[in-house]
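Breakdown of the fold
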Amino acid sequence: MSVSRIQPQPFFADKNRAFWNLQSLGWAGAFLLRGSSTIANGQSFSSLVPVMISTATGYSVTLLIAVMFRFLLKQRPIITWGVSIVTVLVAAGLVAFIDAWVFSTQNRGSETAGVQLFLGAFYLSVTLIGAWSALYYAINFYLTVEEQTDQLLRLEAQAANAQLAMLRYQLNPHFLFNTLNSISTLVLLKQTDRANAMLSRLSSFLRYTLVNEPTAQVTIEQEIETLKLYLEIEKMRFEERLRPVFVIDPAVGHARLPSLLLQPLVENAIKYAVTPKEEGAEISVSAQPAGENVRIVVSDTGPGLNEGGMKPHMVPSEGMGVGLPNIRDRLIQAFGERQRFETRSSPSGFSVIIEIPLNMEETSKVAA
């Protein structure tokens, strides 16, 4: 039986509770500090009464100041700071007046003049209330910055997820059109068994694309199984002209990558390698460990690009579709700089090389 642990909440998760805790602890600390100083100077315990009244006055006055400051936080800076300074001075004067009156009432025989007594109490009150005010604004500034940072992170995450979803949904509509057209042709030719088989595989493939979240990552094993399902559909169209080969090292089978990352590569290979050649072409998909990374290679035996040669990080020209730029962008979104995307072309074929971290857990640039 597993016992779930209750995660402790941040101190400022409940702002009202945090304020009351700090307010009570702060003024209790001020009372203990002034009270211990009074006793240490050899005064009687009755001298703690003015300290207690002064602390209670400061506690109450700062509650009123908090209400004022909460309103001033929404104003222009010049109004906020100007009115705040005046508020601190007025509050300090009020506390000093009460402190002086309590002291003079308790010590009627004291020779200390009223103005001198007020100024001494005013200096202490300004120090305490000024420090309280500075701490109040500092905490609110910190909370505002934290809230803005959290909001920015949420917006960045939402933007990244939206972009990933957009990239995932940029599957070539020609695939669906060609498949449905092939099914229609098989029905017209009364080849109902093949039409049913093709329709069933198309249904399974589309179910996978709809069930999985666009921003989700899947294992290489899951990606290959989906790819095989896609190739079974295409193989019913191209038959022996389409010759897929898979070489997957079991050590990288559980490494994770964005879902449907490889499907556009295979679709491009079918379009530019299998379709134009009468004898078709071989499409090879391999995944091997490469140090701390996984190297995935999708290659074909088609004619390659007209110019040939090696073209790292190539941006395909018009006619190559959205496949390669789509994949490169999804890799950057998912892994940031921890990925490699390269294309190679020769008269004997075209290949795409992808390297991603050998992660067994789902990762993304946003979460990093």
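What counts and how
Residues numbered from 1 in each chain as written. Predicted model: local features only at pLDDT ≥ 70, side-chain atom pairs only at ≥ 80, totals over all residues. Heavy atoms only, no water. Axes fitted to C-alpha atoms, helices over the stretch in contact; angles between N-to-C directions. Helix = DSSP H or I, 4+ residues; strand = E, 2+ residues; numbered from the N terminus. Parallel < 35°, antiparallel > 145°, perpendicular 65-115°, else oblique. Left-handed = near helix turned anticlockwise from the far one by under 90°. Nonpolar A, V, L, I, M, F, W, Y, C, P; charged D, E, K, R; others polar. 1 Å grid on protein atoms, 1.4 Å probe; cavity = no way out; pocket = protein on both sides within 12 Å on 5 of 7 lines; lining within 4 Å. Points joined across faces, edges and corners; volume = space filled by probe spheres on them. Salt bridge = Lys/Arg side-chain N within 4 Å of Asp/Glu carboxyl O. Buried < 20%, exposed > 50% of the residue type's maximum accessible area, 1.4 Å probe, protein only.

By the naming in an unreviewed UniProt entry, the protein is Signal transduction histidine kinase, taken from Sphingobium xenophagum.

Packing of helix α2 (residues 48-72) against helix α3 (residues 77-106) brings their axes to within 10 Å, and their N-to-C directions diverge by 165°. As summarised for this structure, α2 and α3 are arranged roughly antiparallel, according to the angle between their axes. For the pair α2 and α3, the crossing hand works out as right-handed. Of the residues assigned to the contact of α2 with α3, the class counts are 16 nonpolar, seven polar and one charged.

Looking now at the layout of surface pockets. Estimates place the volume of the largest pocket at around 850 Å³. Among the elements of the structure, α1 (15-40), α3 and α4 (114-168) are those that each provide at least two residues to the lining of the largest pocket. For the lining of the largest pocket, the leading source of residues is α4, giving 12 residues. Of the volumes computed, that of the second largest pocket is approximately 570 Å³. Taken together, 22 residues make up the lining of the second largest pocket; nearest its centre are Arg-34, Thr-38, Val-51, Phe-103 and Leu-124. Elements with a minimum of two residues in the lining of the second largest pocket: α1, α2, α3 and α4. Among the residues making up the lining of the second largest pocket, the classes are represented as 10 nonpolar, 10 polar and two charged.

Glancing now at unusual backbone geometry. Even without glycine at this site, Glu-239 takes up a positive phi of about 55°. Following the sequence through the fold, Glu-239 ends up in the loop between α7 (220-238) and β2 (242-248). Non-glycine residue Leu-260 carries a positive phi angle of around 55°. Along the polypeptide, Leu-260 turns up in the loop between β3 (256-258) and α8 (263-274).

Evaluated as defined, the whole model comprises 10 salt bridges. With a shortest N-O distance of 2.7 Å, Arg-237 and Glu-234 are connected by a salt bridge. With Arg-237 and Glu-234 both in helix α7, this residue pair falls three residues apart, about one helical turn. Classification of Glu-234 as buried rests on a relative accessible area of 3%.

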